[in-house]
Amino acid sequence: MQLAAYYFPNYHLDCRNEKRHGANWTEWELMKCARPRFEGHRQPKLPLWGFEDEADPMVMNKKINAAADSGIDAFVFDWYWYDGPYLERALDEGFLNAPDRSRIKFALMWANHDWMDRHPINFANSFNAPLVYPWTSTSKSISFVWEYIIENYMTKPEYWYVDGKPYFSIYAVNRFIDQMGGAEKTAEVLSEFRTLAQKAGLPGIHINAVWYDNLAGQPFCVCDPERWTKELGFDSYTSYNSISTTPIWLKEDSLTVDFNQAADEYSLLAKKALDTLSAPYFPVATAGWDSSPRCVQSETYRLGPYPYLPVMEPDAKAFRRQLEKLSALLAEKRAAEQILFINAWNEWTEGSYLEPDTIQQYAYLEEIKEFTGK
């Protein structure tokens, strides 16, 4: 069994962020301002390690060692490209210069969505969040992106391989297909990606699709994984988290979600995916959910569009139970398919993180350590 944790890199200085939000801004500023929004709401959720700079190699080194000591095999970085890289310093300067980086692997998930300003956003504007950086890559410009990824990441010795090939995931697949100009052009650009990798001395690429694409409008769009496998050549599927995917999340009468019930509902969804998808599916264990720090704190908290969603408070014991249930679903799969994702290592402003906070401290990492036998 391999464990891979998603990593969200917006806790370091970035020139585009500073231009929009002011000097020294990172998403830590939202956590500093977070407050309880309703009775029983646990905020602020503050990092036990402090508001650290993830682009500092020694800061990243602490994260690497904590993850490796707990039995996590890889960080899968959310990777952004808006006519050039964005939020790349956590990986480029932090991870790739960390002294102990060889203790853990890394890979990329292309977060190929438009970047909207929800840092923070009020309720009225959440229905139509301001567009900051549109995702504009096309079939004509994508060759440069493929070459950039191969040269700067996939040829590194720490890059994560799945089933003998470097792993690469695409977040919004329906959006990707539309942007490339349809299924036929998408198949061509993915084939080109694999060919370029082979020319660079790599054995090809394991291309993964996030099969539950919630970016193509409401209600959530229906994906076509059978077509994705046959026509586009995806090697596997996974999910980014389990939020808003099952009935408990669709109730309109509660600001909170029960962790165990949400985990049980997602386990049924994961079993269906494992039984029916046309390629391997890697389930995801979600550590919690609280996107309220991205909301304007002076307003009454109510349900609406993201980030005004129900809160699922962290629960380390329930999370461990979730890991056990999902790993049991993979027990009969071949070794290369026994991969379990975690959302996330550090999605602080979405309340889904493994890093220690001042309330739970190391409880999550300790549960993972026991689960993995570390």
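Our structure's up above, just so we're on the same page.
**Q** What is the right way to look at the overall build of the chain in this model?
**A** Scanning the chain from terminus to terminus reveals 11 helices and 15 strands. Scaling as 2.2 N^0.38, a compact globule of 374 residues should have a C-alpha radius of gyration of about 21 Å, and the chain matches this with 20 Å. A principal-axis box enclosing the C-alpha atoms of the chain has dimensions of 55 × 50 × 45 Å. Across the 374 residues in the chain, those meeting the buried criterion constitute 57%. The contacts of the chain with a sequence gap of at least 6 include a subset with a gap of at least 24, amounting to 76%. Of the side chains in the chain, 37 bear a positive and 52 a negative charge, and the two mean positions are spaced by 1 Å.

**Q** Just to check I follow, could you spell out the nonpolar core for this structure?
**A** Ranked by internal contacts, the top residues of the largest apolar core, which has 117 residues, are Trp146, Phe168 and Trp345. In terms of nonpolar packing, the next biggest core, distinct from the first, is built from nine residues, Phe38, Met116, Ile121 and Phe123 among them.

**Q** What is the right way to read helix H9 (residues 259–276) from this model?
**A** An α-helix turns once every 3.6 residues. As a result, residues three or four positions apart point the same way. Under the 1.5 Å per step criterion, the end-to-end length of H9 is 26 Å for 18 residues, consistent within 8% with the ideal 26 Å. Buried residues of H9: Phe259, Ala262, Ala263, Glu265, Tyr266, Ser267, Ala270, Ala273 and Leu274, and no others.

**Q** Any chance you could explain the packing of helix H6 (residues 173–180) against helix H7 (residues 183–199) here in plain terms?
**A** A pair of packed helices is characterised by two quantities: the angle between their axes and the separation of those axes. Put simply, H6 and H7 touch, their axes get as near as 7 Å, and they point 95 degrees apart. Overall, the two elements H6 and H7 adopt an arrangement that is roughly perpendicular. Every residue of H7 that contacts H6 at Phe176, Ile177 and Met180 is listed here: Ala183, Lys185, Thr186, Val189 and Leu190. Taken together, the residues that form the contact of H6 with H7 break down as six nonpolar, one polar and one charged.

**Q** Would you mind going over the pairing of strand E2 (residues 74–81) with me for this structure?
**A** Along any regular strand, the residues point their side chains to alternate faces of the sheet. Within E2, eight of the eight residues are buried, leaving the element largely enclosed by the surrounding structure. The side-chain alternation of E2 yields two buried faces, one formed by Ala74, Val76, Asp78 and Tyr80 and the other by Phe75, Phe77, Trp79 and Trp81. Pairing geometry for strand E1 (residues 2–7) and E2, over four bridges, is parallel. Of the residues in E2, the one forming a bridge with Tyr6 is Val76. Bridging between E2 and strand E4 (residues 105–110) involves six bridges; their strand directions are parallel.

**Q** Would you mind showing me how to read unusual backbone geometry here?
**A** Peptide bonds are, in most cases, trans, and in most cases residues other than glycine have a negative phi. The omega torsion of the bond from Tyr306 to Pro307 falls at 10 degrees, within 30 degrees of zero and hence cis. By secondary structure assignment, the location of Pro307 is in the loop between strand E12 (284–286) and helix H10 (316–330). Put simply, Asn343 and Ala344 share a cis peptide bond, and its omega is 0 degrees. Here Ala344 lies in the loop between strand E13 (339–343) and strand E14 (346–347). The phi torsion at Asn24 lies on the positive side, around 65 degrees, for a residue other than glycine.

**Q** What should I look at first to understand the side chain of Asn241 in this one?
**A** Structurally, Asn241 is set in the loop between strand E10 (236–238) and H9. Take Asn241: its relative accessible area is 14%, and that puts it in the buried class. Within polar-contact distance, the side chain of Asn241 engages the backbone nitrogen of Ile243 at 3.1 Å. Those residues in contact with Asn241, other than ones at most four positions away along the chain, are Val284, Thr286, Trp289 and Asn343.

**Q** Would you take a moment to explain the pattern of salt bridges for this structure?
**A** Opposite charge on two side chains permits them to pair, given that their charged atoms come into close proximity. Counted under the stated rule, the structure contains 25 salt bridges. Note that Asp235 and Arg194 form a salt bridge whose closest N and O atoms lie 2.9 Å from each other. Here Asp235, found in the loop between helix H8 (225–232) and E10, pairs with Arg194, found in helix H7; they are 41 residues apart in sequence, far enough to count as distant. On the accessibility criterion, Asp235 (24% relative accessible area) is partly exposed. Residues participating in the shared-partner salt-bridge network are Lys317, Arg320, Glu324, Glu367 and Glu370.

**Q** What am I meant to see in the side chain of Ser70 here?
**A** On the secondary structure map, Ser70 appears in helix H3 (residues 57–70). Aside from chain neighbours lying at most four places away, what touches Ser70 is Leu365, Ile368, Lys369, Thr372 and Lys374.

Cut-off values and rules
Residues numbered from 1 in each chain as written. Predicted model: local features only at pLDDT ≥ 70, side-chain atom pairs only at ≥ 80, totals over all residues. Heavy atoms only, no water. Helix = DSSP H or I, 4+ residues; strand = E, 2+ residues; numbered from the N terminus. Rg over C-alpha atoms; globule rule 2.2 N^0.38 Å. Buried < 20%, exposed > 50% of the residue type's maximum accessible area, 1.4 Å probe, protein only. Contact = heavy atoms within 4.5 Å. Lys, Arg positive; Asp, Glu negative; His and termini not counted. Charge placed at Lys NZ, Arg CZ, Asp CG, Glu CD. Core = buried A, V, L, I, M, F, W, Y, C linked by side-chain atoms within 4.5 Å. Expected span 1.5 Å × (residues − 1). Axes fitted to C-alpha atoms, helices over the stretch in contact; angles between N-to-C directions. Parallel < 35°, antiparallel > 145°, perpendicular 65-115°, else oblique. Nonpolar A, V, L, I, M, F, W, Y, C, P; charged D, E, K, R; others polar. Pairing = 2+ DSSP bridges. Polar contact = N/O pair within 3.5 Å; in protein donor to acceptor, adjacent residues only side chain to side chain. Salt bridge = Lys/Arg side-chain N within 4 Å of Asp/Glu carboxyl O.

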